Structures are given as structure tokens and as C-alpha cells.
There are 2 protein chains.
Amino acid sequence: MAESKSGDEPEPEAELEAELEAETGGDVQAGAESAEGAGRDPEAVSRFVEHFAAQLVEAGMPRMPARVFAALLASDTGALTSAELGEQLQISPAAVSGAVRYLAQVHLVSREREPGSRRERYRVHSDQWYEALTNREAIMKRWEDALREGVASLGADSPAGRRLSETLAFFEFVEVEVEAMMARWRIHRDQLFGAD
Amino acid sequence: MAESKSGDEPEPEAELEAELEAETGGDVQAGAESAEGAGRDPEAVSRFVEHFAAQLVEAGMPRMPARVFAALLASDTGALTSAELGEQLQISPAAVSGAVRYLAQVHLVSREREPGSRRERYRVHSDQWYEALTNREAIMKRWEDALREGVASLGADSPAGRRLSETLAFFEFVEVEVEAMMARWRIHRDQLFGAD
DNA sequence: CCTTAACTTCACAAATTTCTGAAGTAAGCG
DNA sequence: CGCTTACTTCAGAAATTTGTGAAGTTAAGG
């Protein structure tokens, strides 16, 4: 976003109009400096963000989406703007844009537009996080399709066909089970944290 | 994780000493129903292998391991040698080696040495397939560690800390549930297929 | 309207990953 | 014993992925 042009650097951010984390109930106690980053030890935040992101990367998530997601998780409001993300993570607006596109696609973040502003906020809901994990179901569905096809073309009575059948049965089983598990989780969560 | 049912499968590969190095000729092509699938349509097998592998790749598995794994799944014996894999997939021994190393590391295949031969067979057990999926637990454990650290350094009473806590609780919950689910699966499987 | 802020898309440079041929190692077999 | 087979490791070429600057698009605000 920096024009890398003339010397004047006073980002309009200094103004920070009616920004306010009027998000949740307004009584954000951390209340210190700018929008999000500094009631807390920014270094501690960064350490967590990079560490957790590294784990996600290792599990297969691309680097930028992982860092953006971790930053959102670690934010107090659970929602940050593109500019805030870019600053905290030291990445270009283009990188933020790409990362957010990825995360939205896998349902890990949702986009909100603040009315009366051009800003968009990218939000992580705990629920989405869980759902997204669950949404590996979509992937499994395709695995199942491929397996069914394999059983059909290799013959259900051949040894290979039987192996594929069993694998297929496993996925079908898991699919049902996971759904039940998520239902139990919601109950469990409410017991732990109260209906949120 | 109780299992070790043992007594898995009788080794169906008795003789099978036929080598068939169709490699050296220019005639590496269909018709290669050598050691493994005499009687099956090699084209149908290949179609399944490539299709299923593509799904795995899309889910994040590297290409060669995915293809090798799919080929093993689709084999009648559930075990193939390096040469057989190389021929069917048209890849170099080095590629087979790398793929197998990867698969063994994530516990998707095991290596067996045929006594009295230098050959090694790479085998897929249905059980391993399930276990491997389950073994994402190892990954989750590390996520949990990172989250605990985050809760500690951001403060369990901050909004961000609470979000991380909830996520952590979710993973801990899932971990327990998955184990129970796998136990149920084994029972279910035995009902479907009979204790194998 | 015209300006400007916020985000997106595009093209390309850089880093990383993937797969191969070739050389290396180990073990059965003549 | 030493030849041969079966697999592994290594170095590097090729392909793919990643992140950036810059131009493009949309919409608020004067």
C-alpha cells in the first residue's frame, strides 16, 4: 500500500476515525493503543502467530494463509483489516488478498464489510474453524466416488475390489460418525463455556 | 489404540517368480499384466489409480506417493515390488524409492523383505490406512502445544486467550472421540466383512 | 463529478519442490 | 569369490508454487 513515493509517510491511520473495537460489547479491557495490536505484548503475539502458523504449514496449509489465520486467531476481536494484517505480518496487500481468498474458500474466515467504510474485516469464528475441519468431508466424498468407481471396474469380487470396498465402507462410516461427534462437541462446549 | 489383531492375511504370493523385464524393449505398454493382474483390465486399473491418486494429491499428498499408494490399493495382493510399481506407473526406481520412503514415514505402507530374494515388497494393509488417517493426531498434538503456549502468553482471560482455549478444548475433545470412533469402526467392520 | 482509499488482479522474479540418470551399497547366487 | 540384482542416495534440470510491485476496479466523500 505504501506508494514508495514522496517522503510524506503520515499514514491516515494516525487518524483512525471511528474505528473503535465497538465489536463486542465495547468493554475491551486491554484497551491501549491502536486498533488491535498493542494492548498486549506484540512480541508474544508474534511468537505465537509464527509458531502456530508453522504447525499449520507443516500440516499442508500454504504459508501466507497459515500466518493470516494465526494472526486472526490471536487477535482480541477475532477480526482484522487487510492493512492491520499487512502491517503485523509484514506482507504486501496482494499477499493478504491471496491468503484471504484461500481462507474464505475453505471456510476458515468470513469477510465482513464495515458499513460506511471501504474497509473489509476478515473474521474467524470458532465455529467456522470446526466446520472447516469437518469439511474435509467434501474431500472424502470425492475419495468415495473414486473408490466406488474402482470397485465397479475392478470387480467387487476380486481381492482388490474387496480392499477398495472396505476402504469405502470406512469413509462412509467416518462421515456419519463425524457428524455425530460434532453434535456432541457443541453440547460439550456449551457445558465448558456456556452457550456462546 | 488396541489392535494387533495379527493373523492378517495369508501370503497369497507363492511363486510369482516371473520377472518380466518388459522394460528393456520399447514395448512398455498395456499388456503389462505381468506379475500382478493377469485377468484384470490394465487400463481400468490405471484409470482408477490415476483418478484416485489425483484426489489424494488434491488433498495435499505429493504426486508420486499418491500414485504409488493408489497402485498398491488397486493391486490384488496388496503388495508390489519396486520394479512392478516402476513399470506400471512408468517412473524411475529412484521415484519409487522416494515415494515409498514417504509412505512408510506416514505409516501408509510397510516394507517386507521376501526371504531368499533381494526383492522388497511394499504392502498396504487396510488397518494402516485407517491408522494413518488417525495419525493426524500427532499433528494435532503439536497444534495443541502451540495453542497452550499461546493461551499462556496472551493470558487466559483475554478475548484472544479465550478463543485459543476453546480451540484447544476442541482438539482435546476430538482426540478422545476419534479413538472411540476407531474402536467402533473395528466392530462395525467385523460385522460387515467378518473378522478377517 | 472528481478524488482518494481499500482491495483485487496480473505478470514476473525468486524460491522451492519433483523427478531423473548415474553412481553407490548390499546381498543372493553361480 | 566375484557377478548380478535390487534398491538407495546424490546432484542437477525442469516444473511448479509463492510473493511482490504495479496497474485496475469499486465505492465513499467532498
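Definitions and cut-offs
Residues numbered from 1 in each chain as written. Chains lettered and ligands numbered in written order. Predicted model: local features only at pLDDT ≥ 70, side-chain atom pairs only at ≥ 80, totals over all residues. Heavy atoms only, no water. Helix = DSSP H or I, 4+ residues; strand = E, 2+ residues; numbered from the N terminus. Buried < 20%, exposed > 50% of the residue type's maximum accessible area, 1.4 Å probe, protein only. Contact = heavy atoms within 4.5 Å. Near = heavy atom within 4 Å. Polar contact = N/O pair within 3.5 Å; in protein donor to acceptor, adjacent residues only side chain to side chain. Nonpolar A, V, L, I, M, F, W, Y, C, P; charged D, E, K, R; others polar. pLDDT = per-residue confidence, 0-100. Core = buried A, V, L, I, M, F, W, Y, C linked by side-chain atoms within 4.5 Å. Least-squares fit on C-alpha atoms with pLDDT ≥ 70 in both. Phe/Tyr/Trp six-rings, centres within 6.5 Å; stacked < 30°, edge-to-face > 60°.

Participant: Sorry if this is basic, but what is going on with the environment of Trp 143 of chain B here?
Facilitator: Within the secondary structure, Trp 143 of chain B is located in helix H6 (residues 136-154). For Trp 143 of chain B, a relative accessible area of 9% translates into the label buried. Not counting the four nearest positions on each side in its chain, Trp 143 of chain B is found in contact with Phe 52, Gln 55, Leu 56, Ala 59 and Trp 129 of chain A together with Phe 171 of chain B.

Participant: Would you explain the protein's contact with DNA strand C in this entry?
Facilitator: With respect to spatial proximity, 19 residues lie near DNA strand C, and among them Ser 97, Arg 111 and Glu 120 of chain A together with Met 64 and Ala 95 of chain B are the closest. One of the side-chain N or O atoms of Arg 111 of chain A is found 2.2 Å from a phosphate oxygen in DNA strand C. Interatomic distance of 3.4 Å between a side-chain N/O atom of Arg 119 of chain A and a phosphate oxygen of DNA strand C. Those elements giving two or more residues to the surface near DNA strand C turn out to be helix H3 (82-89), helix H4 (93-105) and strand S3 (120-123) of chain A together with helix H2 (63-73) and helix H4 (93-105) of chain B. Ranked by the residues each element gives to the surface near DNA strand C, the list is headed by H4 of chain A, at 4 residues. Residue classes in the surface near DNA strand C are distributed as 8 nonpolar, 4 polar and 7 charged.

Participant: Honestly, the protein's contact with DNA strand D in this entry has me stumped. Any pointers?
Facilitator: Among the 19 residues in the neighbourhood of DNA strand D, the closest are listed as Met 64 and Ser 92 of chain A together with Ser 97, Arg 111 and Glu 120 of chain B. When atoms of DNA strand D within 4 Å of the protein are split into backbone and base, the sugar-phosphate part holds 83%. Here Ser 97 of chain B contributes a side-chain N or O atom positioned 3.0 Å from a phosphate oxygen of DNA strand D. Separating a phosphate oxygen of DNA strand D from a backbone N or O atom of Glu 120 of chain B is a distance of 2.6 Å. Listing elements by their share of the surface near DNA strand D, those giving two or more residues are helix H2 (63-73) and H4 of chain A together with helix H3 (82-89), H4 and strand S3 (120-123) of chain B.

Participant: How should I be thinking about the confidence of the model for chain A in this particular structure?
Facilitator: Interpretation of the predicted coordinates at a detailed level should be avoided for regions scoring low in pLDDT. Residues and elements named next belong to chain A. On average, residues of chain A score 80 in pLDDT, and 79% of them reach the 70 mark or higher. In the model of chain A, helix H5 (residues 126-134) stands out as the element of lowest mean pLDDT, 78, in contrast to H2, which has the highest, 96. Predicted confidence for residues 1-35 stays below pLDDT 50, and this span has 22 contacts to residues more than four positions away or in other chains.

Participant: Just checking my understanding: could you explain the nonpolar core for this structure?
Facilitator: Most often, soluble globular proteins keep nonpolar side chains buried together rather than apart. Counting residues in hydrophobic clusters, the biggest one holds 97 residues, and the most contacted among them are Phe 52, Val 68 and Phe 69 of chain A together with Phe 52, Val 68 and Phe 69 of chain B. Setting aside residues no more than four positions away along its own chain, Phe 69 of chain A makes contact with Leu 56, Leu 103, Leu 108, Val 109, Val 124 and Trp 129 of chain A.

Participant: Can you walk me through the relation of the copies chain A and chain B in this structure?
Facilitator: The operation linking the two copies of the chain is a rotation about an axis combined with a translation along the axis. Mapping chain A onto chain B calls for a screw motion: a turn of 180 degrees about the axis and a shift of 0.0 Å along it, with 0.1 Å RMSD after fitting. Seen this way, the second copy is the image of the first under a two-fold rotation axis. Across chain A, the rotation axis passes nearest the C-alpha of Gly 60 of chain A, at a separation of 3.2 Å. An overlap of 98% is found between the interface residues of chain A and their copies at the interface of chain B, pointing to a shared contact surface.

Participant: Where do I start with the packing of aromatic side chains in this structure?
Facilitator: Here a ring pair, both rings aromatic, is described through the centre-centre distance and the interplanar angle of the planes. Overall, the coordinates contain 14 aromatic pairs over all chains when judged by the stated rule. Ring plane angle 15 degrees and centroid distance 5.5 Å describe the contact between Phe 48 of chain A and Phe 52 of chain A, whose orientation is recorded as stacked. Residue Phe 48 of chain A and its partner Phe 52 of chain A are located together in helix H1 (residues 42-58), separated by 4 residues, close to a single helical turn. Residues Phe 48 of chain A and Phe 52 of chain A agree in their burial class; the two are buried. Members of the aromatic cluster, connected to one another through ring pairs, are Tyr 130 and Trp 185 of chain A together with Trp 143, Phe 170, Phe 171 and Phe 173 of chain B.

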